[in-house]
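Here's the letter readout for the chains.
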Amino acid sequence: MRSRFSRAIGGAGKAAEKRPVNRPAGAGETRLAPDPFTAVLPALAALGAIASIAAINWTGEERTPDRAKSKRKAGTALRDLETCCLGLQEIFRRFQRNPKLFAGEGPPASSPLKFGVHGPRVGTDQARLFHQLINDVASMLVLASQNAFDVMSAVEDGEINAPEVVFFGFGEQQERLNKLIQSRATLKVSVDTGAQVALRLTELVREMKKHRSE
C-alpha cells in the first residue's frame with residue numbers, strides 16, 4: 001500500500017536538495033583569483049633578463065669592422081635599464097603589500113614553485129589590482145629584456161668597460177634566481193628573494209654607469 005505520506009516525504013527531500021548552502025557573508029561578491037605564480041614568475045623572469053648581463057663578460061666578442069653599431073647610446077640603455085630595475089623593485093613591493101594575492105598568505109604559503117596554486121577569493125578591487133600588476137609585469141619583462149640586450153651590445157662594442165667584479169655581481173643574482181627554481185621555493189620566499197635581487201641589480205646597473213667610455 002502506498003503511504004499517504006510518501007509524496008510529502010519526497011517533496012521534503014526535493015526541498016532539502018534545493019536548499020542553498022550556507023556561505024560566509026559577502027561570498028557571492030567574490031571571485032577566485034588566478035594562480036599567483038602567473039604574476040610572480042614573469043616578474044622573476046624580468047630579473048633574470050637583467051641578471052643575464054653576467055654572461056657577456058665571458059662570451060662577448062670583440063667588435064668586427066662589419067658589425068653594425070648599436071642604434072642606442074650606452075648611456076640611454078643604462079638609464080632605461082636602471083628605470084626597469086626601479087620598476088621591478090616597486091612591483092615586488094606591491095607583491096609584498098598584498099600577501100593574500102601574491103606573497104603566500106594562507107594555504108598557498110607552503111606551495112612550492114609551480115603552476116596550479118589556486119588563488120584566494122577576492123573582491124572587485126583586488127581583482128582589478130591583480131590585472132593591473134599583470135599588465136605592469138608584462139610591460140617590464142619586455143623592457144628589461146630589450147634594455148639588457150642593448151647594454152650587453154654596448155659592452156661588446158667597448159662603450160662600457162666595467163670591471164669583472166660588476167659582472168660577478170650579476171652572476172651572483174642569477175644564481176639566487178636559479179636556486180628558487182631548483183629548490184622549488186615557496187611563493188613567499190620567491191617574492192622576498194625577488195625584492196632583494198631587484199634592489200641589488202639596481203645597484204649593479206648604477207655601478208656600470210660609472211664605467212661608460214667617453
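Please read these numbers as outputs of a predicted model, since none were measured by experiment.

1. As for the overall build of the protein chain
Turning to step 1, where the next piece is worked out: Secondary structure assignment for the protein chain yields 7 helices and 2 strands.
Turning to step 2, where the next piece is worked out: For the protein chain, the succession of helices and strands along the chain, N to C, is α-β-α-α-α-β-α-α-α.
Turning to step 3, where the next piece is worked out: In the protein chain, which comprises 214 residues, the proportion classed as buried is 39%.
Turning to step 4, where the next piece is worked out: Of the contacts formed within the protein chain by residues at least 6 apart in sequence, a portion of 91% connects residues at least 24 apart.

2. Topic: the environment of leucine 41
Turning to step 1, where the next piece is worked out: Summarising the element assignment, leucine 41 is placed in helix 2 (residues 37-51).
Turning to step 2, where the next piece is worked out: Each C-alpha atom of the pair leucine 41 and serine 190 lies 8.7 Å from the other, and the pair is 149 residues apart in sequence.
Turning to step 3, where the next piece is worked out: Setting aside chain neighbours within four positions, we find leucine 41 in contact with Leu113 and Phe115.

3. Focus on the side chain of aspartate 35
Turning to step 1, where the next piece is worked out: Structurally, aspartate 35 is set in the loop between strand 1 (31-32) and helix 2.
Turning to step 2, where the next piece is worked out: There is a polar contact of 2.9 Å between the side chain of aspartate 35 and the backbone nitrogen of phenylalanine 37.

4. Considerations on helix 2
Turning to step 1, where the next piece is worked out: Between its terminal C-alpha atoms helix 2 stretches 20 Å, which fits the 21 Å expected from 15 residues at 1.5 Å a residue.
Turning to step 2, where the next piece is worked out: When we look at burial in helix 2, the residues that qualify are Phe37, Ala39, Val40, Ala43, Leu44, Ala46, Leu47, Ala49, Ile50 and Ala51.
Turning to step 3, where the next piece is worked out: Against the buried residues of helix 2 lie helix 4 (74-97), helix 5 (124-156), helix 6 (164-182) and helix 7 (187-209).

5. Things to note about the pattern of salt bridges
Turning to step 1, where the next piece is worked out: For the coordinates displayed, the defined rule picks out 12 salt bridges.
Turning to step 2, where the next piece is worked out: The salt bridge partner of arginine 206 is glutamate 82, with a shortest N-O separation of 2.6 Å. Separated by 124 residues along the polypeptide, arginine 206 in helix 7 and glutamate 82 in helix 4 bring together distant segments of the chain.
Turning to step 3, where the next piece is worked out: Salt bridges sharing common partners tie together Arg72, Arg79, Asp80 and Asp150.

6. Considering the confidence of the model for the protein chain
Turning to step 1, where the next piece is worked out: Across the protein chain, pLDDT averages 82, with 75% of residues at or above 70.
Turning to step 2, where the next piece is worked out: Looking at the elements of the protein chain, mean pLDDT is at its lowest for helix 1 (residues 6-18), recorded as 48, and at its highest for helix 6, recorded as 96.
Turning to step 3, where the next piece is worked out: Counted against residues more than four places away or in other chains, residues 8-25, with its pLDDT under 50, gives 0 contacts.

7. Some points on a nonpolar patch on the surface
Turning to step 1, where the next piece is worked out: Together, Trp58, Val165 and Phe168 make up an exposed nonpolar region whose accessible area comes to about 330 Å².
Turning to step 2, where the next piece is worked out: Residue position: phenylalanine 168 is located in helix 6.
Turning to step 3, where the next piece is worked out: Residue classification places phenylalanine 168 among the partly exposed residues on the basis of a relative accessible area of 39%.

8. A closer look at the environment of phenylalanine 92
Turning to step 1, where the next piece is worked out: Secondary-structure assignment places phenylalanine 92 in helix 4.
Turning to step 2, where the next piece is worked out: Spatially, the C-alpha atoms of phenylalanine 92 and valine 191 are 6.5 Å apart, while their sequence positions differ by 99 residues.
Turning to step 3, where the next piece is worked out: Leave out the neighbours within four places in its chain, and phenylalanine 92 touches Ala43, Leu44, Leu47, Ser190, Val191, Gly194 and Ala195.

9. Description of the nonpolar core
Turning to step 1, where the next piece is worked out: Within the largest apolar cluster, 55 residues are counted, with the highest numbers of intra-cluster contacts made by Leu47, Ile53, Phe95, Ile160, Phe170, Leu201 and Met208.
Turning to step 2, where the next piece is worked out: Secondary structure elements with two or more residues in this core: helix 2, helix 4, helix 5, helix 6 and helix 7.
Turning to step 3, where the next piece is worked out: Sort the elements by how many residues they give to this core and helix 5 lands first, with 11 residues.

10. Section: unusual backbone geometry
Turning to step 1, where the next piece is worked out: A positive phi angle, close to 50°, is found at arginine 184, a residue other than glycine.
Turning to step 2, where the next piece is worked out: Residue placement: arginine 184 occurs in the loop between helix 6 and helix 7.

Conventions used here
- Residues numbered from 1 in each chain as written.
- Predicted model: local features only at pLDDT ≥ 70, side-chain atom pairs only at ≥ 80, totals over all residues.
- Heavy atoms only, no water.
- Helix = DSSP H or I, 4+ residues; strand = E, 2+ residues; numbered from the N terminus.
- Buried < 20%, exposed > 50% of the residue type's maximum accessible area, 1.4 Å probe, protein only.
- Contact = heavy atoms within 4.5 Å.
- Polar contact = N/O pair within 3.5 Å; in protein donor to acceptor, adjacent residues only side chain to side chain.
- Expected span 1.5 Å × (residues − 1).
- Salt bridge = Lys/Arg side-chain N within 4 Å of Asp/Glu carboxyl O.
- pLDDT = per-residue confidence, 0-100.
- Patch = residues over 30% accessible without salt bridge, like charges linked within 9 Å, V, L, I, M, F, W, Y side chains within 5 Å.
- Areas by Shrake-Rupley, 256 points an atom, 1.4 Å probe, with all protein chains shown as cover.
- Core = buried A, V, L, I, M, F, W, Y, C linked by side-chain atoms within 4.5 Å.

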